[in-house]
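# Structure assessment
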Amino acid sequence: MNRELKRVSIVVLLMFVALMTSTSIIQVFQADNLQADARNTRAVIEAYSAKRGPILVEGEAVALSKPIDDMYKFIRVYTDGQLYAPATGYYTIGQGSTGIENALNAELTGTANSQFFEKLNSIITGQIPQGAAVELTLDRVAQQAAWDALGDLQGAVIVTEPKTGRILAMVSKPSFDPNELAVHKTSTIIENYDALIADPADPLYNRAIAGNLNPPGSVFKLVVASAAFQSGKFTPDSQFPNPASFTLPGSTAVIYNSGRGTCGDGATVSIADAVRLSCNIPMAELGIALGSRAILDEAEKYGFNKELQVPLDVTPSTYEYTTDKAQVALSAFGQGSDRATPLQMAMVTAGIANGGTVMKPNLVDSILSPDLRVLDSFSPEVYSDAISPTTARQLTEIMVSGVENGAASNARIDGVSVAGKTGTAENGPDDPYTLWFTGFAPANNPEFAITVLIENGGGMGQEGYGNLLAAPIAKQVLEAVLNK
Amino acid sequence: MVEASPLNPEPTGAMKLLKPLRIPQKLRNRELFLLVFACVINTAAIVLVQLGALRSIDTSLVTLGIGLSVLVFGMHIVMRYIAPDADPFLLPVATVLNGLGVAMIYRIDLAEGDSGWDAASTRQIVWTALAIVIAIITLAVVRNHRVLQRYTYVAGFIALVLLLLPMLPFIGTEVSGARVWISVGAFSFQPGEVAKIALAIFFAGYLVQHRDSLSMVGKKVLGVRFPRLRDLGPLLVVWALSMSVIIFQRDLGTSLLYFGLFLVMLYVATARLSWVLIGLGLFAAGAYIAAQSLSYVHGRMINWLDAFHPEVFGADPGSYQLVQGIFGLSHGGLIGTGLGEGDPDLVPLANSDFIITSLGEELGLIGLFAIFGLYLLFVSRGFRIGFAGQDDFGKLLGVGLAFIVALQVFIVVGGVTRVIPLTGLTTPFLAAGGSSLVANWIIVALLLRLSDSVRNQPRMVI
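Residues numbered from 1 in each chain as written. Chains lettered and ligands numbered in written order. Predicted model: local features only at pLDDT ≥ 70, side-chain atom pairs only at ≥ 80, totals over all residues.

## Regarding the overall build of chain A
Check the secondary structure of chain A and you find 17 helices and 19 strands. The proportion of buried residues among the 484 residues of chain A is 52%. Relative to all contacts within chain A whose residues are 6 or more apart in sequence, the contacts with residues 24 or more apart total 68%. (Helix = DSSP H or I, 4+ residues; strand = E, 2+ residues; numbered from the N terminus. Buried ≥ 20, exposed ≤ 12 C-beta atoms within 10 Å, placed from the backbone. Contact = placed C-beta atoms within 7 Å.)

This is the structure:
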């Protein structure tokens with residue numbers, strides 16, 4: 001009997017060895033993999049239990065973590081949710097995040113490598129670990145003015161500082177309240193998220209840098225003119241035939257200027273006048289003369305077709321190279337397959353305003369430790385030298401004349417010289433227009449560059465146009481920031 | 001009644017009572033020391049839970065804990081009188097496991113905001129008190145374990161009745177798919193827990209009687225002597241019983257426990273490996289057929305083999321609970337988060353079926369190894385009875401009772417750590433559940449009684 005019992009004892013021992021092995025594998029050897037599993041809610045709770053850093057605008061929090069009596073310990077609160085949503089984005093438990101909350105998640109949670117010593121310190125001292133604060137470049141006056149000026153229209157406004165690339169205002173409408181997604185009940189998050197997704201106006205789109213891209217229309221003429229002047233073959237005074245209608249080469253399609261007439265009275269028209277009065281036919285002719293390659297090269301210097309992080313992901317605007325002359329003609333006045341974000345057009349305008357040098361747009365001023373020491377700050381970065389100072393000066397003159405006595409007259413501000421360009425882009429034969437304004441002020445010493453986008457025809461279908469709806473918004477915002 | 005004569009003075013009642021205290025009792029003193037240690041560990045665990053989860057100390061539960069300690073020491077004192085030579089490790093090990101369980105159940109109550117009679121920990125403490133009282137009564141009533149042998153077939157009958165109770169209408173209830181509960185009013189009980197003890201007594205008595213016919217006759221094939229077909233009867237009966245537990249009560253774990261218990265006792269009694277081979281073959285065949293034809297068994301197999309597959313994880317019932325338990329264990333790592341500092345309440349049934357992952361999360365791998373060590377110590381003390389015992393019934397019963405604990409730990413912990421498919425069983429002494437506590441404390445009492453008899457009797461000269 002004892003011999004059998006000895007064997008049974010060995011079996012029991014082996015059973016416990018099996019348990020020790022399985023627990024060792026789970027708790028030690030596989031622990032890191034298991035901890036990294038997205039379904040492991042403990043990782044989420046841990047991320048939440050650390051006090052997530054605030055997002056600041058001019059030193060005041062627009063997103064912050066407040067203590068709450070549940071297992072996540074803190075809840076994310078957005079003080080002015082709708083206004084700053086395009087910048088802050090939202091932060092949910094386990095359902096993803098967007099905006100700065102997503103782009104700078106590591107800094108906000110305190111897990112970025114630069115915060116290693118802070119983390120170590122909190123482990124040793126037993127303090128609640130705390131993430132870094134993120135100070136945005138946004139300007140409260142500019143943001144509020146842009147928000148107010150856009151009213152109930154569907155669209156976006158972006159204001160930048162041409163000399164530094166700092167983004168002073170980033171408004172997208174309709175907006176949403178990130179607080180609705182910051183709740184701690186997953187079913188509520190999903191319910192609220194589904195409602196936002198189902199909204200036909202797509203409030204979750206950040207139309208300033210992403211969303212469904214729009215054709216830039218006439219504001220793209222700045223890019224084509226840039227390419228023309230940079231080529232050395234054309235000057236603002238270069239003349240083009242001035243018909244009232246133009247049949248696209250190799251096609252039966254006919255294009256017109258916006259008023260269905262000629263561009264001014266002459267038999268020929270200069271590039272300067274074509275841009276000032278925003279005529280399509282001379283620009284189509286210029287486009288064909290320049291060729292798609294030259295336009296593509298210039299567009300890419302401004303940032304078209306390129307990835308960009310500000311540090312939010314910016315959807316690349318597009319200009320497609322083509323050998324089809326009809327397409328080249330259409331794309332030369334911002335139609336065809338051209339697509340652009342307001343931020344992209346802001347880069348074009350700011351480049352012109354800054355003597356041809358495009359600064360990299362940036363939304364983040366600095367990263368601050370919980371005790372407000374600067375861990376990291378962003379200095380202005382050159383994005384590209386898109387055009388020469390001469391070209392920049394020539395384009396500025398054209399844009400100033402466009403506001404003074406051209407197609408952008410509604411952006412005029414008494415006592416300040418404003419440079420601007422409007423755009424009224426066609427979408428489909430019966431679809432509402434997309435309306436644009438891009439410009440800067442003061443023209444002689446540019447402090448602010450602004451781009452306004454209005455989608456869905458501004459509610460006027462095909463009746464509205466850039467100068468009617470977009471230019472006054474730009475004017476209102478520029479007045480607010482200039483009077484600060 | 002014998003008259004006291006002057007030559008042989010009858011000791012007075014008071015002297016009788018004092019006698020065990022005056023005579024040095026080495027084993028009991030060792031037990032006392034270990035018990036004090038166990039109670040210190042338990043109190044510390046509860047205080048740590050409060051500091052971790054509440055950041056303050058609440059004395060109400062400590063008072064209840066002291067009540068329990070008093071009961072355990074009461075049992076110790078009773079043993080000084082009625083089982084002075086019993087094993088000194090069994091009671092302290094059971095106490096510390098029981099106490100750690102209470103601390104963890106209390107910790108999960110705190111996380112879920114349960115208090116008073118809604119709290120599983122309060123009920124667990126009351127059940128523990130009841131279980132210890134029943135253990136003391138068992139120890140007092142069963143003064144000689146051989147008496148139990150007389151009731152072999154009664155025990156068998158009781159086991160059968162207990163097993164069938166949950167199948168009865170009105171009192172039988174189904175909890176998470178398994179029909180193993182009876183409830184009368186607010187009172188509910190899992191009779192299968194007590195049935196395992198009755199079964200161990202029945203198996204021990206039956207096998208001692210029939211071991212000769214089961215072990216001696218039969219043909220030898222490939223060096224292994226196989227039994228005659230007609231001797232297969234008992235094995236087939238137990239196999240059929242286990243299979244019906246799977247089919248009708250939908251309780252895989254209990255079925256495995258009963259059958260494993262029978263096989264081990266059969267092997268120890270008959271020394272015939274062929275029994276084990278036939279038994280394992282039968283059980284494997286039965287389990288395979290069950291996995292093919294019963295959806296709940298099939299589901300358990302899939303959850304076991306492919307737990308992390310997103311579809312299996314998201315299915316209902318899928319591997320969600322199992323995987324959450326594993327996440328909890330991995331969160332604890334080597335040294336654990338510390339009592340009250342983890343999130344064990346994220347796992348469904350964190351205080352019963354999955355208490356081991358809760359403990360693993362907060363006490364770490366080190367803590368789990370310590371718990372495994374305690375179980376091994378407990379089981380080895382039971383096996384010691386088997387090695388040192390004088391009578392075959394006592395030996396078999398000791399081995400059987402100890403093996404119940406070992407196998408139950410293996411089935412539960414193996415289930416939550418994916419060594420074997422997950423089945424619903426309670427972790428002895430740790431998990432929340434009154435029936436299980438009562439049954440396991442009866443096992444403690446019986447093992448104490450057996451160990452006392454082993455030491456009481458002069459060793460047979462062989």
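## Looking at the overall build of chain B
Helix and strand counts for chain B stand at 17 helices and 5 strands. Taking all 462 residues of chain B together, 49% fall into the buried category. Once local pairs closer than 6 in sequence are excluded, the contacts in chain B between residues at least 24 apart make up 71%.

## So, the sheet that holds strand β1 (residues 55-57) of chain A
Residue and element names in this part refer to chain A. The sheet built from 6 strands is open, its strands ordered β3-β2-β1-β4-β14-β15 with mixed pairing. Every interior strand has two partners, whereas the edge strands, β3 (74-78) and β15 (374-377), have only one. Across the sheet, the mean angle separating the axes of adjacent strands is 25 degrees when strand polarity is ignored. (Pairing = 2+ DSSP bridges. Axes fitted to C-alpha atoms, helices over the stretch in contact; angles between N-to-C directions.)

## Topic: helix α4 (residues 90-112) of chain B
Residue and element names in this part refer to chain B. Between its first and last C-alpha, α4 extends 33 Å over 23 residues, near the 33 Å set by a 1.5 Å rise per residue. For α4, a buried count of 21 out of 23 residues is recorded, marking the element as mostly surrounded by other parts of the structure. Phi turns positive one or two residues past the end of α4, at G113, with a value near 75 degrees. (Expected span 1.5 Å × (residues − 1).)

## Things to note about the sheet that holds strand β18 (residues 434-441) of chain A
Residue and element names in this part refer to chain A. If you walk across this open sheet you meet the 5 strands as β6-β5-β19-β18-β17, and the pairing is antiparallel. Edge positions in the sheet fall to β6 (167-173) and β17 (419-425), since each has one partner strand and no second. Across the sheet, the axes of successive neighbouring strands diverge by a mean angle of 5 degrees, strand direction being ignored. In the sheet, strand β5 (residues 155-160) pairs with strand β19 (residues 448-454) via 6 bridges, with the strands oriented antiparallel. Note that in β19 the partner of V159 across the bridge is I450. Contacts from helix α8 (residues 140-150) reach β5 and β6 within the one sheet, and its direction differs from that of β6 by about 30 degrees. Contacting β17 and β18, helix α16 (residues 389-405) crosses the sheet at an angle of about 70 degrees to β17.

## Here's the deal with helix α5 (residues 120-141) of chain B
An ideal rise of 1.5 Å per residue puts 32 Å on 22 residues; α5 of chain B measures up with 31 Å between its terminal C-alpha atoms. Those residues of α5 of chain B that fall on the buried side of the exposure criterion are S121, T122, Q124, I125, W127, T128, A131, I132, A135 and L139 of chain B.

## Some points on the interface of chain B and chain A
Facing the 37 residues of chain B at the interface are 29 residues of chain A. Going through the elements one at a time, α10 (252-270), α14 (320-332), α15 (355-388) and α16 (392-416) of chain B are the ones with two or more residues in the side of chain B that touches chain A. A total of 11 residues in the side of chain B that touches chain A trace back to one element, the largest contributor, which is α15 of chain B. When grouped by side-chain class, the residues that make up the side of chain B that touches chain A number 24 nonpolar, 9 polar and 4 charged. (Nonpolar A, V, L, I, M, F, W, Y, C, P; charged D, E, K, R; others polar.)

## As for the packing of α4 of chain B against α5 of chain B
All names here are of chain B. The contact between α4 and α5 brings their axes to 8 Å, and the two run at 160 degrees. The pairing of α4 with α5 is recorded here as roughly antiparallel in orientation. Residues N98, V102, I105, Y106 and D109 of α4 form the contact with α5, whose own contacting residues are A120, S121, Q124, I125 and T128. A per-class count over the contact of α4 with α5 returns 5 nonpolar, 4 polar and 1 charged. (Parallel < 35°, antiparallel > 145°, perpendicular 65-115°, else oblique.)

## Topic: the nonpolar core
L261, M265 and A406 of chain B are the most contacted members of the largest nonpolar core, which has 141 residues in total. Among the elements that line this core, the one with the most residues is α16 of chain B, at 17 residues. Counting residues in each nonpolar core, the second largest holds 128 residues, with A63, Y78, A299 and L363 of chain A among its members. (Core = buried A, V, L, I, M, F, W, Y, C linked by C-beta atoms within 7 Å.)

## Some words on the pairing of β6 of chain A
All names here are of chain A. Taken across its 7 residues, β6 has 7 buried, putting it largely inside the fold. Bridge analysis of β5 against β6 gives 6 bridges, and the strand direction is antiparallel. Counted as the bridge partner of A156 is S172 from β6. In this antiparallel pair of consecutive strands, β5 and β6, the connection spans 6 residues, and G165 shows a positive phi of 85 degrees.

## Focus on the confidence of the model for chain B
All names here are of chain B. Looking at chain B, the pLDDT average stands at 84 and 89% of residues meet or exceed 70. Across residues 1-5, where pLDDT falls below 50, the model places 2 contacts with residues more than four positions away in sequence or in other chains. Both scores are given for the predicted complex: the pTM is 0.63, the ipTM 0.90. (pLDDT = per-residue confidence, 0-100.)

## Quick notes on the environment of F246 of chain A
Residue and element names in this part refer to chain A. Tracing the backbone through its elements, the reader meets F246 in strand β8 (residues 245-247). Taking C-alpha positions, F246 is 8.8 Å from A284, a pair spaced 38 residues apart along the chain. Leave out the neighbours within four places in its chain, and F246 touches V254, I255, I281 and A284.

## Here we look at the pairing of β3 of chain A
Residue and element names in this part refer to chain A. Note that strand β2 (residues 60-67) and β3 share 5 bridges and pair antiparallel. Note that in β3 the partner of L64 across the bridge is V77. Linking two consecutive strands that pair antiparallel, namely β2 and β3, is a turn of 6 residues; a positive phi of about 70 degrees is found at K73 within it.

## With respect to unusual backbone geometry
Residue and element names in this part refer to chain A. A cis geometry characterises the amide bond from K173 onward to P174, with omega recorded as -5 degrees. Tracing the chain through its elements places P174 in the loop between β6 and α9 (186-198). Of note, the bond from V310 into P311 is cis; its omega dihedral lies within 30 degrees of zero at 0 degrees. Mapped onto the fold, P311 is located in the loop between β11 (308-309) and β12 (313-314). You will see that E58, though not glycine, has its phi angle at about 50 degrees, which is positive. On the neighbour-count criterion, E58 (14 C-beta atoms within 10 Å) is partly exposed.

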